[in-house]
Amino acid sequence: MDITKKNFIEQLPSIREAIQNATFFAVDCEFTGLASDRTIFPFDTPEEVYLKMVENSPQYIIVQFGLCAFRVEPPAETEENQGEPRISYKCYNFYCYPKGRATVFSCQGESMRFLADNGFDFNKLFREGLSYANEPDEQRYRADLKERQAARAAAIQAASEENPKNEDTPVEDVPNANTIPVPAQNQQQVDSAAASIEAFLQSDEPELIVGNCNPFQRKLIYQMIEQRFQRKVTTSSVSLENNQKGIKVERKRSPEEELVLDEQRRARENEDLETSVGLSLVLQELSKSRKLIVGHNMLLDFLYVLRQFFKPLPFDYQEFKKLTKQIFPLLLDTKYLCTNAEIKEHVNSSVLAHVFDAVSKAPFSIPTVHPELPEYQYNVEVEKKHEAGYDAYLTGLCFLGLVSRFKADLLQLPKNSTLKPYMNRIFITRLVDVNYINLNGKEPTQSREHIFYVTFPQNWRTSDIMGKFKPFGLVHVSWLNDTSAFVSLHNRIASSSVLKTIGYHAGFKVYSFAQFTQMKLQRSDTKRGRIGSSGSGGANQGSSGCGESGVASNGEEKGEKEEQKLERLGKRKGTDDKMSTAGDVEDDAGWQTVKKGRKTFADNNDW
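Quick summary incoming for the structure in this document. Everything quoted here is computed from the prediction, not taken from an experiment.

Helix and strand content of the protein: 20 helices and 16 strands. Within the protein, the proportion of its 607 residues that are buried is 50%. Across the protein, every contact between residues at least 6 apart in sequence was considered, and the portion connecting residues at least 24 apart equals 74%. Here the protein displays about 29600 Å² of accessible surface, and carbon together with sulfur accounts for 47% of that area.

Next comes the structure, spelled out in structure tokens:
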């Protein structure tokens, strides 16, 4: 079901009910852009990756949020013990667009074109997109509204205590320091408005609209009304055609009538506030549920969710983990679950659509799921790729198929012993060894003694690098750009002799990983987590930075979310990656080198 500002208030109670009744959720997001990965290296730590993404992430926003609430019910009493539980779902596709002039966000041309190519309805987004507010903004909205309502209530109370006998007593024109002198060119308009109000008071009309005024003219008219008619009329602002503002004038009501109307106005204002907070209310309800949330390659999704709907992302890595656990205590990334040995044996690609194809046949099985809203159900036979609601639904089906391999109790998923090691571990694309963020604790540390940073002439190929390292056995080459790469030795014992014995070649330099780290720290033009471009030996020269050593700076961050772009990039940058001691052959250990022509990084986790 598409949710926009037109049907949000109407559907909000049923959405909250769906969240309260759900067993687990699957989510997905569509963005205006993807965080830059140009500074991320294959041997970065998860902390370094997080800090780089925070520091180098423009204000891209989520424009579509998909939420699929899956409900698992025990087998009916009439069924036998081996009966399957009944699984149903409700799926919502939220269009999300900021409200007001103060909000500014960024767009990435390629990402916007990608959405357009996949049928994204931008008209619906811009015209009907649901607003949102992070916690500080929401607190300010609520405080401002409370203050306005309290001031209005005080005014009504003060009016009720005035002597009604003084109603017809003219108000004296007492000089006021805040009174605005009426310019000569505006005097006729103010006098005309006063005459219209006099005529209105003598008529039977219920109200009078004063329009055709700019903001300054309206201010003069409000001032005149306060001076001459404050005991006879009340005023309020109204919206006219073409987004123009007008003044609605009504006769003064009794205190009792004012109280009734004020209650009605409060109800409208509170509803408007709910609409302004919008999608954030759904995310808050999701957080309160404390239930399992499943995503696929979900790091970017949840970085944006936290920043857009809750709080700014902290620059402290541990604070980020703490914040995430406080808001969403149970997360599971199906892309990381696909690294499980039993699953990896049968799932050859962790792209979402490929995972679904794999789990649709033995040894996996996807249980039947029943739509609770039949008129808004999804069907895998009618693909709606890159619609957030559909991708959330597909993620949920993939999760059900994957856990069928472990015969997990769907009613007790967080307690499953096989799934526990994968809970709260968020997959990070392109990292070689520790390829996840562990929200439950520290990630394991890895030795980097077998890794070397090398720089070389621009005309070198993979075979040239392989030839220099041939005496040390199998290696894994990870291209960074045209003149630099990482080389990992399979035989770690040989690492200690590399710097001592490797041959000399003009323009060829080898550094230990410790030296490489020190070089990063010492560069005067380096921000934290970024390697600047300087000289031929730099690790990020010109436009050929690490963003190009990844599969795509606008594709692989979301991985399978933009596989069509990746295919185009693959054709442009080169063919598949191989591994060898001196050529393009894969060995039994599964080590691979990346061909020079591709200029991308690929590892065994990015299969």
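Our next topic: the packing of helix 1 (residues 8-21) against helix 9 (residues 279-289). The interhelical angle for the contact between helix 1 and helix 9, taken along N-to-C directions, is 15 degrees, at an axis separation of 10 Å. Considered as vectors, helix 1 and helix 9 are oriented roughly parallel to each other. In the packing of helix 1 onto helix 9, the handedness of the crossing is right-handed. Touching F8, L12, I15, R16, I19 and Q20 of helix 1 are L279, L281, V282, E285, L286 and S289, all from helix 9.

Right, let's get into helix 8 (residues 255-277). Relative to the 33 Å expected for 23 residues at 1.5 Å per residue, helix 8 spans 32 Å between its end C-alpha atoms, a close match to the ideal helical length. Turning to helix 8, its buried residues number three or more, namely E258, D262, E269, L273, S276 and V277. Following helix 8 by one or two positions, G278 has its phi on the positive side, about 50 degrees.

Our next topic: the environment of V403. For V403, the location among the structural elements is in helix 15 (residues 388-403). When the C-alpha atoms of V403 and L413 are compared, they prove to be 9.0 Å apart, with ten residues separating the residues in sequence. Here V403 is in contact with A408, L410 and L419, once residues within four sequence places are set aside.

Attention now goes to helix 10 (residues 299-309). Counted residue by residue, helix 10 has eleven buried out of eleven residues, so it is predominantly covered. Within helix 10 the residues assigned to the buried category are L299, L300, D301, F302, L303, Y304, V305, L306, R307, Q308 and F309.

This part is about the pairing of strand 4 (residues 86-95). Counting buried positions over the ten residues of strand 4 gives nine, a clear majority of the element. Pairing of strand 1 (residues 2-3) with strand 4, which is carried by two bridges, proceeds in the parallel orientation. Bridging from a neighbouring strand, I3 pairs with F94 of strand 4. Examined bridge by bridge, strand 3 (residues 62-73) and strand 4 share ten bridges and lie antiparallel to one another. By the bridge assignment, V72 is partnered in strand 4 with I87.

On the basis of which strands lie adjacent, the open sheet formed by three strands has the order 5-7-6 and antiparallel pairing. Across the chains shown, the open sheet's two edge strands, defined by having one partner strand only, are strand 5 (208-210) and strand 6 (233-239). Between one strand axis and the next, the sheet turns through 30 degrees on average, direction left out of account. Two elements, strand 5 and strand 7 (residues 245-251), share three bridges in a ladder whose sense is antiparallel. Across the sheet, L208 pairs through a bridge with V249, a residue of strand 7.

Checked against the element boundaries, Q284 lands in helix 9. C-alpha separation for the pair Q284 and F310, spaced 26 residues apart in sequence, amounts to 8.4 Å. Contacts of Q284, omitting those with residues within four sequence positions, involve E138, V277 and F310.

One key point about sheets: their strands pair by backbone hydrogen bonds, in either a parallel or an antiparallel sense. One open sheet accounts for four strands, arranged 14-15-13-16; its pairing is antiparallel. Each having just a single partner strand, strand 14 (475-481) and strand 16 (509-512) make up the two edges of the open sheet. For this sheet the average axis-to-axis angle between neighbouring strands, irrespective of direction, equals 25 degrees. With five bridges connecting them, strand 13 (residues 451-455) and strand 15 (residues 484-489) associate as antiparallel partners. By the bridge assignment for strand 15, Y453 is matched with F486. On the sheet, helix 16 (residues 462-469) packs against strand 13, strand 14, strand 15 and strand 16 and is oriented at approximately 135 degrees with respect to strand 14. Sheet contacts for helix 18 (residues 513-522): strand 13, strand 15 and strand 16; angle to strand 16, the most-contacted strand, approximately 90 degrees.

The next subject is the pattern of salt bridges. For the structure shown, the criterion picks out 13 salt bridges. A salt bridge links K124 to D2, with the nearest nitrogen and oxygen atoms 3.1 Å apart. Here the residue K124 occupies a position in helix 4 (residues 122-128), and D2 occupies one in strand 1, the gap between them amounting to 122 residues. Across the pair R140 and D137 runs a salt bridge, and its minimum N-O distance is 2.9 Å. Of this pair, R140 and D137 both sit in helix 5 (residues 135-161), three residues apart, roughly one helical turn. Judged by relative accessible area, D137 falls into the partly exposed class, the value being 25%. Residues joined in a network through salt bridges with shared partners are E138, R142 and E274.

Moving on, we get to the side chain of E128. Tracing the sequence through the fold places E128 in helix 4. In contact with E128, other than residues within four places in its own chain, are T4, K5, K6 and N123.

The side-chain alternation of strand 16 yields one buried face, formed by V510 and S512, and one unburied face, formed by K509 and Y511. Relative to strand 16, strand 13 is paired through four bridges, and the arrangement is antiparallel. The residue of strand 16 that forms the bridge with Y453 is Y511.

It is worth spelling out the packing of aromatic side chains at this point. Within the structure shown, the criterion is met by 38 aromatic pairs. Look at F31 and Y304: their rings are 4.7 Å apart centre to centre, the planes differ by 70 degrees, and that puts the pair in the edge-to-face class. Residue F31 is located in strand 2 (residues 24-31), and its partner Y304 is located in helix 10; the two are separated by 273 residues in the primary sequence. Since its relative accessible area comes to 4%, F31 is described here as buried. Of the residues examined, Y304 reaches a relative accessible area of 2% and is grouped as buried. Seen in terms of ring centroids, F486 and F516 are 5.1 Å apart; in terms of plane orientation they differ by 90 degrees. Their pairing is edge-to-face. In this pair, F486 is assigned in strand 15 and F516 in helix 18, connecting sequence segments 30 residues apart. For F516, a relative accessible area of 2% translates into the label buried.

Criteria and cut-off values
Residues numbered from 1 in each chain as written. Predicted model: local features only at pLDDT ≥ 70, side-chain atom pairs only at ≥ 80, totals over all residues. Heavy atoms only, no water. Helix = DSSP H or I, 4+ residues; strand = E, 2+ residues; numbered from the N terminus. Buried < 20%, exposed > 50% of the residue type's maximum accessible area, 1.4 Å probe, protein only. Contact = heavy atoms within 4.5 Å. Areas by Shrake-Rupley, 256 points an atom, 1.4 Å probe, with all protein chains shown as cover. Axes fitted to C-alpha atoms, helices over the stretch in contact; angles between N-to-C directions. Parallel < 35°, antiparallel > 145°, perpendicular 65-115°, else oblique. Left-handed = near helix turned anticlockwise from the far one by under 90°. Expected span 1.5 Å × (residues − 1). Pairing = 2+ DSSP bridges. Salt bridge = Lys/Arg side-chain N within 4 Å of Asp/Glu carboxyl O. Phe/Tyr/Trp six-rings, centres within 6.5 Å; stacked < 30°, edge-to-face > 60°.

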